[in-house]
Amino acid sequence: MAKNKKQKLNTAYQNHLDFLKASGLILIGLAVFGILIVTLLIERELGGELIFPIFAFCVFSAIAGIIIAVIASMKQSVADDINDNLYAIWKYKPQTIYTFYRKMCRYEKKTTFFNFLLGAVVVCVIGLIMLANPASVSLGIVFLVFSGLLLLAGIYFLPYVQYLFLMLRTQIMGDAKEIIFSRSGIWYCGKVCYFGRNGITYHRVERRETHGFDTIVFYYTLTRGFQQTAKELVIPVSPKMAYAADDLVAEFNRSDLLSQEKYKKRR
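Computed from a prediction, not measured in an experiment: that's the story for all the values here.

Scoring rules and cut-offs
- Residues numbered from 1 in each chain as written.
- Predicted model: local features only at pLDDT ≥ 70, side-chain atom pairs only at ≥ 80, totals over all residues.
- Heavy atoms only, no water.
- Helix = DSSP H or I, 4+ residues; strand = E, 2+ residues; numbered from the N terminus.
- Buried < 20%, exposed > 50% of the residue type's maximum accessible area, 1.4 Å probe, protein only.
- Areas by Shrake-Rupley, 256 points an atom, 1.4 Å probe, with all protein chains shown as cover.
- Phe/Tyr/Trp six-rings, centres within 6.5 Å; stacked < 30°, edge-to-face > 60°.
- Core = buried A, V, L, I, M, F, W, Y, C linked by side-chain atoms within 4.5 Å.
- Contact = heavy atoms within 4.5 Å.
- Salt bridge = Lys/Arg side-chain N within 4 Å of Asp/Glu carboxyl O.
- Pairing = 2+ DSSP bridges.
- Axes fitted to C-alpha atoms, helices over the stretch in contact; angles between N-to-C directions.
- Parallel < 35°, antiparallel > 145°, perpendicular 65-115°, else oblique.
- Left-handed = near helix turned anticlockwise from the far one by under 90°.
- Nonpolar A, V, L, I, M, F, W, Y, C, P; charged D, E, K, R; others polar.
- pLDDT = per-residue confidence, 0-100.
- Patch = residues over 30% accessible without salt bridge, like charges linked within 9 Å, V, L, I, M, F, W, Y side chains within 5 Å.

### Some thoughts on the overall build of the chain
Scanning the chain for helices and strands turns up nine helices and seven strands. Burial analysis of the chain (267 residues in total) assigns 37% to the buried set. Carbon and sulfur atoms make up 65% of the accessible area of the chain, which totals about 16000 Å².

### Some points on the packing of aromatic side chains
Per the stated rule, a full pass over the model turns up twelve aromatic pairs. Their ring planes at 85° and their centres at 5.4 Å tell us that F218 and F252 sit as a pair that is edge-to-face. Placement of the pair is F218 in strand β6 (residues 213–224) and F252 in helix α7 (residues 242–252), with a sequence separation of 34 residues. Judged on exposure class, the residue F218 and its partner F252 are both buried. By the ring-pair criterion, three or more aromatic residues cluster together here, those being Y87, W90, F181, F218 and F252.

### A closer look at the nonpolar core
Grouped together as the largest cluster of nonpolar side chains are 40 residues, with contacts concentrated most on W90, F181 and F218. With seven residues, β6 is the largest single contributor of residues to this core. If we skip the residues at most four places from it in the chain, W90 touches K177, E178, I179, F181, I216, P236, V237, S238, M241, A244, A245 and L248. Judged by nonpolar contacts, the second largest core, of eleven residues, contains L17, V78, I89 and Y194.

### Details of unusual backbone geometry
With a phi close to 50°, H211 is a non-glycine residue in the positive phi region. With respect to the helices and strands, the residue H211 is situated in the loop between β5 (200–210) and β6. Exposure remark for H211: the relative accessible area of 44% places this residue in the partly exposed category.

### What to know about the pattern of salt bridges
One pass over the structure, following the stated rule, counts six salt bridges. With a shortest N-O distance of 3.3 Å, E206 and R204 are connected by a salt bridge. Under the relative-accessibility criterion, E206 is labelled partly exposed at 25%. Among the salt bridges present, the one from E232 reaches R208, with a minimum N-O distance of 3.0 Å. Of this pair, E232 sits in strand β7 (residues 227–236) while R208 sits in strand β5, placing them 24 residues apart in sequence. A relative accessible area of 41% means that E232 is categorised as partly exposed.

### So, the sheet that holds β5
Strand pairing in a sheet relies on backbone hydrogen bonds, with the paired strands running either antiparallel or parallel. Across the sheet, three strands lie side by side as β5-β6-β7; this open sheet has antiparallel pairing. Only two strands of the sheet have a single partner each, and these edge strands are β5 and β7. Averaged over all pairs of adjacent strands, the angle between strand axes in this sheet comes to 20°, irrespective of strand direction. The pairing of β5 with β6 spans ten bridges and is classified as antiparallel. When the sheet's bridge partners are listed, E209 is paired in β6 with D214. The strands touched by helix α3 (residues 94–104) are β5, β6 and β7; relative to β6, the strand with the most contacts, the crossing angle is about 65°. On the sheet, α7 packs against β5 and β6 and is oriented at approximately 150° with respect to β5.

### So, the sheet that holds strand β1 (residues 86–91)
One open sheet holds the four strands; their spatial order is β1-β2-β3-β4, and the pairing between them is antiparallel. Each end of this open sheet is capped by a strand with a single partner; those strands are β1 and β4 (191–193). Ignoring strand direction, the axes of neighbouring strands in this sheet form an average angle of 10°.

### Observations regarding the packing of helix α1 (residues 12–43) against helix α2 (residues 51–84)
Here α1 crosses α2 at 155°, and the two axes come no closer than 7 Å. Here α1 is positioned roughly antiparallel relative to α2, judged by the angle of their axes. Where α1 crosses over α2, the two elements pack in a sense that is left-handed. A per-class count over the contact of α1 with α2 returns 25 nonpolar, six polar and two charged.

### Regarding the confidence of the model for the chain
Taken over all residues, the pLDDT of the chain has a mean of 82, while the share at 70 or more is 88%. A low-confidence stretch, residues 1–6 stays under pLDDT 50, and its non-local contacts, those more than four residues away or across chains, total 14 contacts. Counted against residues more than four places away or in other chains, residues 260–267, with its pLDDT under 50, gives 13 contacts.

### Focus: a nonpolar patch on the surface
Together, L128, L131, I141, V145, F146, L149, L151, L152 and I155 give the surface a local cluster of nonpolar side chains, amounting to about 790 Å² of exposed area. Mapped onto the nonpolar patch, the elements with two or more residues apiece are α4 (111–131) and α5 (137–156). With seven residues, α5 is the largest single contributor of residues to the nonpolar patch. Mapped onto the elements, L152 comes out in helix α5.

This is how it looks when you write it as C-alpha cells:
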C-alpha cells in the first residue's frame, strides 16, 4: 500500500501537529488580547487589582504559546522527513492496537520498574535513618519525598501503566489509527523510531508470530554513550494488510537500506 511521497498526508500524526499549531496560535492570540485589555484598563484608570492577574495570564499564555509553537515546528520537520521517505500507511481500528498492547504487557520485562523500586527502597531506608536523628529530620523528610517520587516513576514505566497511558493519549488525540512506515523512521502509536539516527542502528526486519499475533519485527540497536542495547519494535499486522506484509519486509530488508550511509548519499 505504497503512497506517493510528495502528497499531503491526512494522518493522525499530522492532525496532532495541526492541533498543536492551532493551540499555540490561540494562546498567543489570547496573550495579545489580554495585553490590549490591560492597556485599555490602565488608560482609563480602571481594573485596579484585576490588572496584575490579567497581565500574569498574558505572560504565561504567551510563553506557553511560543513553546507549543516551537514543539510543533520541530515535530513538523519529523513529519516532513517521514513523508518524504514514505513507504506505506496501514490503517487500524484503535481497538486492535489496544488489544495487542494489553496482551504484550504480560511478556514485557519490568527491569526499569525494579531498578526504580530498588532505588526508592534504598533512599527510603536512608530517610528513615535520618528521621531517627532529631538534627536531620528535615533532610530525612526530603529523602522520603524523593523515595516516593522514584516509586511513582517506577510505576509509570510498568508495561500495563504504559498501556493505560496509551489508551488515555489515544482517547484525547486519536493516534492509534495508523502505522506509518518510512525509510527514515516509523510512527507507531504516537512514537517515532529512527533507524541509523539519534543513536539507533537498524539491522533487519522479519515477519513472525509473536504470542499468537501475526507481527512484523524491526530489530535495532540503541546506543547511549558507550552502551549498546539490542531492541525490537513489534508491530501487529493488520488483517486487511496481511497480503502486503511480506512485501514490506522485503522492502525494508533490501541491502541498500541496511546501510544508512548509502541511504544518506542517495538523499
